[in-house]
Amino acid sequence: MPQEGEKEDPAVTIFREYIRINTISQEADYDGAIKFLVRQAKELDLPVRCHEVHPGRVVVVITWEGKDPSLPSLMLNSHTDVVPVYHEHWKCDPFEAKKFENGDIYGRGTQDMKSVGIQYIETIRRLKKQGIQLLRTIHMTFVPDEEVTGKYGMGAFIKTSEFKDLNVGYVLDEGLANPTDAFTVFYGERPIWWVNVKCTGKPGHGSRFIEDTAAEKLQKVINSFLAFREEQKQKLQKNECLRLGDVTTVNLTKLEGGIAYNVVPTDFTASFDIRLAPTVDMTEFEEKIKTWCTEAGNDVSYEFVQKFMDNTTTSISKDDPWWNAFSTVCKSMDMKIETEIFPAATDSRYLRQLGYSAIGFSPMNHTPILLHDHNEFLNENIFLKGIDIYEKIIPALANVPAT
Ligand code: ZN
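Some thoughts on the overall build of the protein
Inference 1: When its secondary structure is counted, the protein shows 10 helices and 17 strands.
Inference 2: Here the C-alpha radius of gyration of the protein, 24 Å, is about what a compact globule of 403 residues would show, namely 22 Å.
Inference 3: On the principal axes, the C-alpha backbone points of the protein span a range of 80 × 50 × 45 Å.
Inference 4: Burial statistics for the protein: of 403 residues in total, 54% are counted as buried.
Inference 5: Contacts in the protein between residues at least 24 apart in sequence constitute 79% of all its contacts with a sequence separation of at least 6.
Inference 6: Carbon and sulfur atoms make up 50% of the accessible area of the protein, which totals about 18500 Å².
Inference 7: Averaged over its 45 positive side-chain charges, the protein has a centre that lies 1 Å from the centre of its 59 negative ones.

Spelled out as structure tokens, the structure:
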């Protein structure tokens, strides 16, 4: 294994260079990232296009044309931004890409998801070197702002003619690390609902027993939401077959209200972050919220801040030619695959909503899940093994025959 200062695999060197570009969404050096990606395209001798989908927000597309460019293409998506860090909790600078003796590379984005972006590039580099050409065209898309809802990244990109021109047939996007020898593959994700519940009641002096207060209603609302939360938590804990993505999570995330210690306020607002299991009937669930509000008393209302209504999943049936190609090639490599619903949100939701098939897959087994966490790292050998894996998966998908 190469040590710091010794010769390392050039793919690892490029990966570490990408990590060193600070792309925390809110203050991202997107220009640095774009320059870096354009350089990669030049080195691959592939055409690259930069689409500004929102002021200052650019999607980079690197294209490798297939033998039949008229066929729907394979889109390899990754986001260029990363989440913020608490410097004091890191054992090294999160933007230094420090490599330890055992090959662990520490840095923000090592798992989520600069590793995958570089693995796509390195896979194409290897395949091109072999002098082959695949059947379908491949587009590597590098999008900004995924970590801040994707509204000005993928959310904006899908509305453009440049996106439609890609003629996408199948998408690979991000997944999660798996601490065991297995790999997790995601075929759907839980729709997000953010809801504010406003409780209004009678005001008065803080020394009295005022009737019909906002606080009593708030208490009932919170109890209803959290009782449901507990029910779902128990369901997950009691059934070993279930994963986080199979149940609905509800969390009370904000509380607002009150003006002084001695004044009973007229209003309290509770905010909940809800992630719905794909099996949930959304109309029924909204009825449930309505009932909880009604039961809490008069003048209790709710409003959605975010309400994603699509829970389309991507087929993982053998009859699906894309999934069949993906799963067959994984089997041929003796990879253990666990199929799951992604517990949080990714850019794939924008694509699935439009009817595109998207699979979330980051080839990282034997790796703790550290996305958004302190001391995020990826071992260089796992990173390199991931390129070997893509070297089989990507041609299998790009060679899926025309139907
Ligand atoms: Zn991500």
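Structure's up, so let's keep going.
Thoughts on the packing of aromatic side chains
Inference 1: Tallied over the full model, the rule gives 22 aromatic pairs.
Inference 2: A centroid spacing of 5.9 Å and a plane angle of 80° characterise the contact between Phe361 and Tyr390, whose relative ring orientation is edge-to-face. Here Tyr390 lies in helix α10 (residues 380-398) and Phe361 lies in strand β16 (residues 358-361), a separation of 29 residues in the sequence. Summarising the burial analysis for this pair, Phe361 and Tyr390 share the class buried.
Inference 3: Cluster of aromatic residues (ring-pair linked, three or more members): Trp193, Phe225, Phe228, Phe272, Phe285, Trp292, Tyr302 and Phe304.
Inference 4: The positively charged end of Lys114 is found above the aromatic ring belonging to Tyr18, 5.1 Å away from the centroid.
Inference 5: Positioned above the aromatic ring of Trp193, the side-chain terminus of Lys307 is 5.4 Å from the ring centre.

Things to note about the coordination of the zinc ion
Under perfect tetrahedral coordination by four donors, a metal shows angles of 109.5 degrees; under perfect octahedral coordination by six donors, it shows angles of 90 or 180 degrees.
Inference 1: His79 (NE2), Asp112 (OD), Glu174 (OE) and Glu174 (OE) make up the full set of protein donors to the zinc ion, lying at 1.8 to 2.7 Å.
Inference 2: Metal-centred angles of 52 to 149° between the four donor atoms at the zinc ion mark the site as irregular.
Inference 3: Spacing between the donor residues of the zinc ion along their common chain follows H-x32-D-x61-E. Placement of Asp112 in the loop between β5 (104-106) and α3 (114-129) and of Glu174 in the loop between β7 (168-173) and β8 (183-189) is noted, with a sequence separation of 62 residues between them.
Inference 4: Its relative accessible area of 5% is what places Asp112 among the buried residues.

Structural notes on helix α8 (residues 321-332)
Inference 1: Spanning 12 residues, α8 covers 16 Å between terminal C-alpha atoms, matching the ideal 16 Å at 1.5 Å per step.
Inference 2: Burial in α8 covers these residues: Trp322, Trp323, Ala325, Phe326, Ser327, Val329 and Cys330.
Inference 3: Considering only its buried residues, α8 is in contact with β7, β8, β15 (337-342), β16 and α10.
Inference 4: Put simply, Asp320 is the residue that caps the front of α8, since its side-chain oxygen is 3.1 Å from the backbone nitrogen of Trp322.
Inference 5: At the C-terminal side of α8, Asp334 shows a positive phi close to 60°.

Observations concerning the sheet that holds strand β4 (residues 98-99)
Hydrogen bonding along the main chain pairs the strands of a sheet, whether they run parallel or antiparallel.
Inference 1: A sheet is described by the order of its strands in space; here three strands give the open sequence β4-β5-β17, paired in antiparallel fashion. The sheet is open, and its two edges are formed by β4 and β17 (377-379), each paired on a single side.
Inference 2: Sheet analysis places β4 next to β5, joined by two bridges and oriented antiparallel. Across the sheet, the residue bridging to Lys98 is Tyr106, located in β5.
Inference 3: Seen against the sheet, α10 touches β4, β5 and β17 and runs at an angle of roughly 70° to β17.

Here's the deal with unusual backbone geometry
Inference 1: Along the chain, Asp112 connects to Met113 via a cis peptide bond; the corresponding omega equals -10°.
Inference 2: Within the secondary structure, Met113 is located in the loop between β5 and α3.
Inference 3: Located in the positive-phi region is Thr149, a residue other than glycine, with phi close to 80°.
Inference 4: Mapped onto the fold, Thr149 is located in the loop between β6 (138-143) and α4 (154-157).
Inference 5: With a phi close to 50°, His366 is a non-glycine residue in the positive phi region.
Inference 6: Looking at the secondary structure, you find His366 in the loop between β16 and β17.

A few points about the domain arrangement of the protein
Inference 1: Assigned domains of the protein: these are domain 1 (10-189 + 311-398) and domain 2 (192-307).
Inference 2: The C-alpha-based centres of domain 1 and domain 2 are spaced at 36 Å.
Inference 3: At the interface, eight residues of domain 1 touch 10 residues of domain 2.
Inference 4: Both faces combined, the contact of domain 1 with domain 2 buries some 760 Å², and carbon together with sulfur accounts for 60% of it.
Inference 5: If you sort the residues of domain 1 by the area they bury against domain 2, Asn311, Ile341 and Pro343 come out on top, with a joint share of 56%.
Inference 6: Where domain 1 packs against domain 2, one counts one salt bridge.
Inference 7: Residue Arg243 is joined to Glu340 by a salt bridge in which the shortest nitrogen-to-oxygen separation is 3.3 Å.

Here's the deal with the environment of Leu255
Inference 1: Counting through the fold element by element, Leu255 comes out in strand β11 (residues 249-257).
Inference 2: Separated by 37 residues in the primary sequence, Leu255 and Leu218 place their C-alpha atoms 9.8 Å from one another.
Inference 3: Those residues within four positions of Leu255 in sequence are excluded, and the remaining contacts are Leu218, Ile222, Thr269 and Ala270.

Describing the pattern of salt bridges
Inference 1: All told, the structure shown has 19 salt bridges when counted by the stated rule.
Inference 2: With a closest N to O distance of 4.0 Å, Lys202 and Asp212 form a salt bridge. Of this pair, Lys202 sits in the loop between β9 (192-200) and β10 (204-205) while Asp212 sits in the loop between β10 and α6 (214-238), and the two are 10 residues apart along the sequence.
Inference 3: For Asp212, the salt bridge identified is with Lys217, shortest N-O distance 3.1 Å.
Inference 4: Judged by its relative accessible area of 3%, Lys217 falls in the buried class.
Inference 5: In this structure, a network of salt bridges that share partners links the residues Glu8, Arg16, Lys99 and Glu380.

What counts, and where the lines are drawn
Numbering of residues begins from 1 in every chain and follows the order in which that chain's sequence is written. Whole-chain, interface and lining totals are the exception, using all residues; otherwise, since this is a predicted model, local features are given only for residues with pLDDT of at least 70 and side-chain atom pairs are given and counted only at 80 or more. Side-chain measures here rest on the full set of heavy atoms in the structure, leaving out hydrogens and waters. The secondary structure listing takes helices from DSSP runs of H or I that are at least 4 residues long and strands from runs of E that are at least 2 residues long, numbered from the N terminus. Each radius of gyration reported is based on C-alpha atoms, and the globular scaling rule is 2.2 Å times the count of residues to the power 0.38. For every residue, the accessible area obtained with a 1.4 Å probe (protein chains only) is divided by the maximum for its type, and the residue is called buried under 20%, exposed over 50%, and partly exposed between those limits. Any two residues having at least one pair of non-hydrogen atoms within 4.5 Å are treated as being in contact. Per-residue and other accessible areas follow the Shrake-Rupley method at a 1.4 Å probe size, with only the shown protein chains counted as cover for residues. In this tally, Asp and Glu contribute negative charge and Lys and Arg positive charge; neither His nor the terminal groups of the chain are included. By convention, the charge on Lys lies at NZ, on Arg at CZ, on Asp at CG and on Glu at CD. Planes of paired rings set the category: under 30 degrees apart is stacked, over 60 is edge-to-face and the rest tilted, where pairs are Phe, Tyr or Trp rings (Trp by its six-membered ring) whose centres lie within 6.5 Å. Consider the ring centre and the ring normal. A charge sits over the ring if Lys NZ or Arg CZ is within 6 Å of that centre and within 35 degrees of that normal. Here a donor is any nitrogen, oxygen or sulfur atom (N, O, S) within 2.8 Å of the metal, with 3.2 Å used for Na, K and Ca; water is not among the atoms considered, so some sites may look incomplete. Any site counts as irregular unless it has four donors with all angles between 85 and 135 degrees, making it tetrahedral, or four or six donors with opposite ones more than 155 degrees apart and the rest between 65 and 115, making it square planar or octahedral. Helix span is expected to be 1.5 Å times the residue number reduced by one. In protein, a polar contact requires one atom able to donate a hydrogen and another able to accept it; more generally it is a pair of N or O atoms within 3.5 Å, and residues adjacent in sequence count only if both atoms are side-chain atoms. Pairing between two strands is assigned when DSSP locates at least 2 bridges connecting them. For helices, the fitted axis covers only the stretch in contact; all axes are lines through C-alpha atoms, and the angles between them, taken along N-to-C directions, range from 0 to 180 degrees. Per the annotation, domain bounds derive from an automatic or database assignment of domains. Buried area: the accessible area, evaluated with a 1.4 Å probe, that two parts lose upon being put together, summed over both parts. In what follows, salt bridge is the name for a side-chain nitrogen of Lys or Arg lying within 4 Å of a carboxyl oxygen of Asp or Glu.

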